[in-house]
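This is what each chain is made of:
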Amino acid sequence: MLTVAIIGLGNRGRIYAHNFTALGAKVAAVCEKNPGMLAYIRNKYGIAENMAFTDEKDFFAAGKLADALVISTQDRDHYRHAVAGLNLGYHLLCEKPVSPHLSECEELERISREKGLNMVVCHVLRYAPFYDKIKQVIDSGAIGEITNINQTENVGYWHFSHSYVRGNWRREDETGPSILAKCCHDLDLFYYYTGTPCDRVYSVGERRVFLHENRPEGATDRCMDGCPHAKTCPYEVTKLYYKPTLKTIPWLIGHVKVVTAKGNPTKKDIIEALKTSPYGRCVYACDNDVMENQVVSCKMGKVNATLTMTAQSARCFRRVHIMGTKGEIFGQDSSAKFKLNIWGELPKTVHVNRGIGHLGGDKGIVKDFIHLMETGKLTPRISTMDKTIMSHKMAFAAEESRKTGQSVEIK
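Everything numeric in this text was worked out from a predicted model, so none of it was measured.

(A) The arrangement of the environment of Tyr157 in detail. On the secondary structure map, Tyr157 appears in helix α7 (residues 157–165). Classification of Tyr157 by relative accessible area gives buried; the value is 16%. Considering only alpha carbons, one finds Tyr157 and Ser313, 156 residues apart in sequence, at a separation of 5.7 Å.

This is how it looks when you write it as structure tokens:
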């Protein structure tokens, strides 16, 4: 039986713990600085007390505790944890983005290669049935050679407010730019679909909504401090986290563990956390600085590829349009189907399985990682460090272009 250790038990770490266990592996050791969350996961998966750590120094000092290590900590912690894990001989499954610094990405690629260890990065969209089927259609030659890709990531106003205004990814100096944190998935798909490195990038972006100057008159610093705009503001926290209405999205109820930092929070816990935690702040009074909207134009050999990322959407989904010399693919990933139009033929609708957790990608990457660990064989979907670096280079180039106003060549 494959054994895994997990460092970081936030939303992503808990998802990996569930999927590894569901697919027959054993979570043998965990490290999480929040003792309440650590105890919750330790009890849920029957992890021995001496294999559960709150301090990362103690965790790594204990030596190699499993066959593989899952790194699901914050973005700027990945490099430190990956180096420590590789030096202990762990194979790694690392959350994306790997690091906001290209030099750290390159060093991790070098260390994993020299030690003969697999470092797989969680570009989970590759494993979702929707995108997996698109890749199969492309590889079949049905639409000929790709000429253009146009992809839009609709982040969702409610999701953006949670993660990129109030939450952990709100500041570039603490994590990284939103085009890296949120959209390296999409940039990776450009590389995955074309099989061609990116040559040049041009990008523009803006912040328009979540600004201090847009704060309504009389708005309080925190939503639950008696804000006079509570009934009309779409970002008011009770609607988003525990009391949804017919006009609001209840999806963020699934994130109350993150908000409260508790494994099994009560309504009282949620209310108390929203009175004191960063998630209870007025969206117009936060310290966020990452882009809300950004367009990235990429030259992938002969292929022109454009990504649009926007916070101003009602729902969270991606729209995909891939054009080729013989046909086109068009659809949105939330629908579990896409259109396949071949020139001179009747249009077809291609149906795929509707998965949960990044459209089934969370389970898919764990399945492929287990296969790799058991057989030593890479599936075509696996994104190891040598492949992952391209998506990160594209994001870094996009930020340089946005800040300088110039197109940036990728070397």
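Now that the structure is up, let's keep going.
(B) Highlighting the packing of aromatic side chains. The final tally for this structure, using the stated rule, is eleven aromatic pairs. Between Phe53 and Phe59, the ring centres sit 5.7 Å apart and the planes meet at 70°, which makes this aromatic pair edge-to-face. Since its relative accessible area comes to 12%, Phe53 is described here as buried. Residue Phe59 is classed as buried on the basis of its relative accessible area of 1%. Ring centres 5.2 Å apart and planes at 75° place the aromatic pair Phe210 and Tyr235 in the edge-to-face group. A residue pair is termed long-range when its members are at least 10 positions apart, and Phe210 in the loop between β8 (200–206) and α10 (237–241) and Tyr235 in the loop between β8 and α10 qualify at 25 residues. Like Tyr235, Phe210 is buried.

(C) The arrangement of the UniProt feature "domain: Gfo/Idh/MocA-like oxidoreductase N-terminal" (unreviewed entry) in the protein in detail. Residues given the UniProt feature "domain: Gfo/Idh/MocA-like oxidoreductase N-terminal" (unreviewed entry) here are residues 3–121. Within residues 3–121, the helical portion is 45% and the strand portion 20%, while the C-alpha atoms at the span's ends are 18 Å from each other.

(D) Spotlight on the state of the cysteines. All told, the structure shown has zero disulfides when counted by the stated rule. No disulfide involves Cys31; its sulfur sits 15 Å from the nearest other cysteine sulfur, which is in Cys94. Judged by its relative accessible area of 4%, Cys31 falls in the buried class.

(E) Summary view of helix α1 (residues 11–22). Taking 1.5 Å of rise per residue, the twelve residues of α1 would be expected to cover 16 Å, and the 17 Å separating its terminal C-alpha atoms lies within 8% of that figure. All of the buried residues in α1 are Arg12, Gly13, Arg14, Tyr16, Ala17, Asn19 and Phe20. Where α1 terminates, the next one or two residues include Gly24, which has phi positive at roughly 95°.

(F) Layout of unusual backbone geometry. A cis amide bond links Lys96 with the next residue in sequence, Pro97, at an omega value of -15°. Here Pro97 lies in the loop between β5 (91–94) and α5 (102–115). In this structure, Ala261 takes a positive phi of about 60° despite not being glycine. Secondary-structure assignment places Ala261 in the loop between α11 (256–260) and α12 (267–276). In this structure, Ala336 takes a positive phi of about 60° despite not being glycine. Turning to its location among the elements, Ala336 is positioned in the loop between β12 (327–332) and β13 (337–342). Accessibility expressed as a relative area gives 10% for Ala336, which makes it buried.

(G) Structural detail: the sheet that holds strand β7 (residues 146–154). A sheet is described by the order of its strands in space; here nine strands give the open sequence β14-β13-β12-β11-β7-β10-β9-β8-β15, paired in mixed fashion. Strand pairing shows two members of the sheet lacking a second neighbour, β14 (348–351) and β15 (408–409), which therefore form its edges. In this sheet, strand β10 (residues 303–310) lies alongside β7 in parallel orientation, the contact comprising seven bridges. Counted as the bridge partner of Ile149 is Ala305 from β10. Strand contacts of helix α9 (residues 184–194): β7, β9 (293–300), β10 and β11 (317–324), with the helix running at about 160° to β7, the strand carrying the most contacts.

Cut-off values and rules
- Residues numbered from 1 in each chain as written.
- Predicted model: local features only at pLDDT ≥ 70, side-chain atom pairs only at ≥ 80, totals over all residues.
- Heavy atoms only, no water.
- Helix = DSSP H or I, 4+ residues; strand = E, 2+ residues; numbered from the N terminus.
- Buried < 20%, exposed > 50% of the residue type's maximum accessible area, 1.4 Å probe, protein only.
- Phe/Tyr/Trp six-rings, centres within 6.5 Å; stacked < 30°, edge-to-face > 60°.
- UniProt positions renumbered as here; feature names shortened; annotations may be inferred.
- Disulfide = S-S within 2.5 Å.
- Expected span 1.5 Å × (residues − 1).
- Pairing = 2+ DSSP bridges.
- Contact = heavy atoms within 4.5 Å.
- Axes fitted to C-alpha atoms, helices over the stretch in contact; angles between N-to-C directions.

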